[in-house]
Amino acid sequence: MDNFHGAAEGIELNVKSAEVKASLSLRRMIVLGILAGAFIALGGAASSTAAFGVTDTGLQRLITGAVFPVGLMMTVFGGAELFTGNCLIEIAVLEKKINVKQMIRNLVVVYFSNLVGALLIDVLLFFSGNLDLGGGLLGAYAIKIAVSKVSITPMKGLTSGILCNVLVCVAILMAASATDAIGKLFSAFFPIFAFVICGFEHCVANMFYIPIGILAASSSKYVTLAQETYGLTTAQIDSLTVLGSLNNFVPVTIGNLIGGIVLVSLPCYLVQKKWKEEDA
């Protein structure tokens, strides 16, 4: 196990990383957050481009899942700040290495910085002509994905968000435990591969998917193709608004927080730290 630390060591490394994250200056935190949002958005853009022409649902998800993890890989190797992964900072709070105020500061700043980074890629992608691929079908596909996300029920958004961030945080812990580049790449790949195939909801990924759908819906060409190809109604497409997007972002973000803080950070702390020391 020379190239991979055990669970307890990996969690200890995460605690040390959390201390660094909590002490970042505001400007560094913002820039690193923007980078992570952009990286995740690029992963989303690449996966949509690869999969939009595939009609079989299972195969389409398989392709999307195989490509999307590049976003987390860039985030891990670039040292960027990702809201969902940073939910693991809770372990350092429980260890009393940092306080709750520092954790909240990081999560809030990083969340909105991720949004800025994702929106930047949305705008650049829209004007790049990428959505014209397949005669505009990629633009129609972007609308379809966005519609499916803003129409999700709050309960589905919450539970799907929980499941998603369990896998994301496990990926971050595994990547922190790996000591070589290949180990970090595989650690970042497989849990994300799983969450994308299952269709779970990730708030930062949705910062790409929903706005790019809103931008695509501003083009009558893409709208017409979305109606003809996917049977979307005018009412469904009209639901693609900033206000409508909150129907997804609010429950999914809450779910991501619960998944990362309650279902990963807390058990890791109890099993590998508190109870382990008490049982020694």
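Residues numbered from 1 in each chain as written. Predicted model: local features only at pLDDT ≥ 70, side-chain atom pairs only at ≥ 80, totals over all residues. Heavy atoms only, no water.

Draft legend 1. Just the overall build of the protein chain, in detail. Tallying secondary structure elements over the protein chain gives 13 helices and 0 strands in all. For 280 residues, the compact-globule estimate of 2.2 N^0.38 gives 19 Å, and the protein chain sits close to it at 19 Å. Principal axes of the C-alpha set define a box for the protein chain whose edges measure 65 × 35 × 35 Å. Split into buried and exposed, the 280 residues of the protein chain put 51% on the buried side. (Helix = DSSP H or I, 4+ residues; strand = E, 2+ residues; numbered from the N terminus. Rg over C-alpha atoms; globule rule 2.2 N^0.38 Å. Buried < 20%, exposed > 50% of the residue type's maximum accessible area, 1.4 Å probe, protein only.)

Draft legend 2. Main features of helix α13 (residues 242-279). With 38 residues, α13 should cover 56 Å at 1.5 Å per step; its first-to-last C-alpha distance of 51 Å lies within 8% of that length. Along its length, α13 reaches its greatest deviation from straightness, about 40°, at L270. (Expected span 1.5 Å × (residues − 1). Bend = angle between axes of the 7 residues up to and from the residue.)

Draft legend 3. Molecular detail of the nonpolar core. F68, L131, I143, I192 and F195 are the most contacted members of the largest nonpolar core, which totals 82 residues. Ignoring anything within four residues of it in the chain, the contact list for F68 reads I40, G43, G44, S47, I192, F195, V196, A205 and Y209. (Core = buried A, V, L, I, M, F, W, Y, C linked by side-chain atoms within 4.5 Å. Contact = heavy atoms within 4.5 Å.)

Draft legend 4. Just the layout of surface pockets, in detail. Of the volumes computed, that of the largest pocket is approximately 740 Å³. Looking at the largest pocket, it is lined by 29 residues, and the ones nearest its centre are Q60, R61, Y141, I145 and S148. Those elements giving two or more residues to the lining of the largest pocket turn out to be α2 (26-51), α3 (57-67), α7 (137-150), α9 (181-198), α10 (203-216) and α11 (220-230). Looking at the lining of the largest pocket, the element that brings in the most residues is α7, giving 6 residues. Classifying every residue of the lining of the largest pocket by side-chain character gives 13 nonpolar, 12 polar and 4 charged. Estimates place the volume of the second largest pocket at around 400 Å³. As for the second largest pocket, its lining consists of 20 residues, and the residues nearest its centre are S17, K21, V76, A80 and I172. For the lining of the second largest pocket, the secondary-structure elements that each account for two or more residues are α1 (7-22), α4 (70-78) and α8 (154-177). If you tally residues by element for the lining of the second largest pocket, the top one is α1, at 5 residues. (1 Å grid on protein atoms, 1.4 Å probe; cavity = no way out; pocket = protein on both sides within 12 Å on 5 of 7 lines; lining within 4 Å. Points joined across faces, edges and corners; volume = space filled by probe spheres on them. Nonpolar A, V, L, I, M, F, W, Y, C, P; charged D, E, K, R; others polar.)

Draft legend 5. Region of the structure containing empty space enclosed by the protein. Taken as a whole and assessed by the stated rule, the structure comprises 2 cavities of 30 Å³ or more. By volume, the largest cavity amounts to about 80 Å³. Lining of the largest cavity is provided by 13 residues; of these, S48, L138, A142, F208 and I212 occupy positions nearest its centre. When residues of the lining of the largest cavity are traced back to their parent elements, those giving at least two are α2, α7 and α10. If one sorts the elements of the lining of the largest cavity by residue count, α7 sits on top with 4 residues. Grouping the constituent residues of the lining of the largest cavity by class yields 10 nonpolar, 3 polar and no charged. Put simply, the second largest cavity is a space of about 50 Å³.

Draft legend 6. Quick look at helix α6 (residues 100-128). Under the 1.5 Å per step criterion, the end-to-end length of α6 is 42 Å for 29 residues, consistent within 8% with the ideal 42 Å. The distance from a side-chain oxygen at the start of α6 to the backbone nitrogen of K101 is 3.2 Å, and the residue carrying that oxygen is N99. (Polar contact = N/O pair within 3.5 Å; in protein donor to acceptor, adjacent residues only side chain to side chain.)

Draft legend 7. A look at the side chain of S47. Assignment of secondary structure puts S47 in helix α2. Accessibility expressed as a relative area gives 0% for S47, which makes it buried. In this structure the side chain of S47 is engaged in a polar contact, spanning 3.4 Å, whose partner is the side chain of Y209. Setting aside residues up to four positions removed in sequence, S47 forms contacts with T64, V67, F68 and Y209.

Draft legend 8. Local environment of the environment of V252. Along the chain, V252 falls in helix α13. Apart from the residues lying within four places of it in its own chain, the contact partners of V252 are G157, G161, E201, H202, C203 and N206.

Draft legend 9. Highlighting the packing of aromatic side chains. Per the counting criterion, the structure on display carries 8 aromatic pairs. The interplanar angle of 80° and the centroid separation of 4.9 Å between the aromatic rings of F83 and Y111 together place this pair among those described as edge-to-face. Of this pair, F83 sits in the loop between α4 and α5 (89-94) while Y111 sits in helix α6, placing them 28 residues apart in sequence. Side by side, F83 and Y111 carry an identical accessibility label, which is buried. Seen in terms of ring centroids, F189 and F193 are 5.1 Å apart; in terms of plane orientation they differ by 20°. Their pairing is stacked. Placement of both F189 and F193 in helix α9 is noted, with a separation of 4 residues, approximately one turn of the helix. (Phe/Tyr/Trp six-rings, centres within 6.5 Å; stacked < 30°, edge-to-face > 60°.)

None of the figures reported here should be taken as evidence of function without further support.
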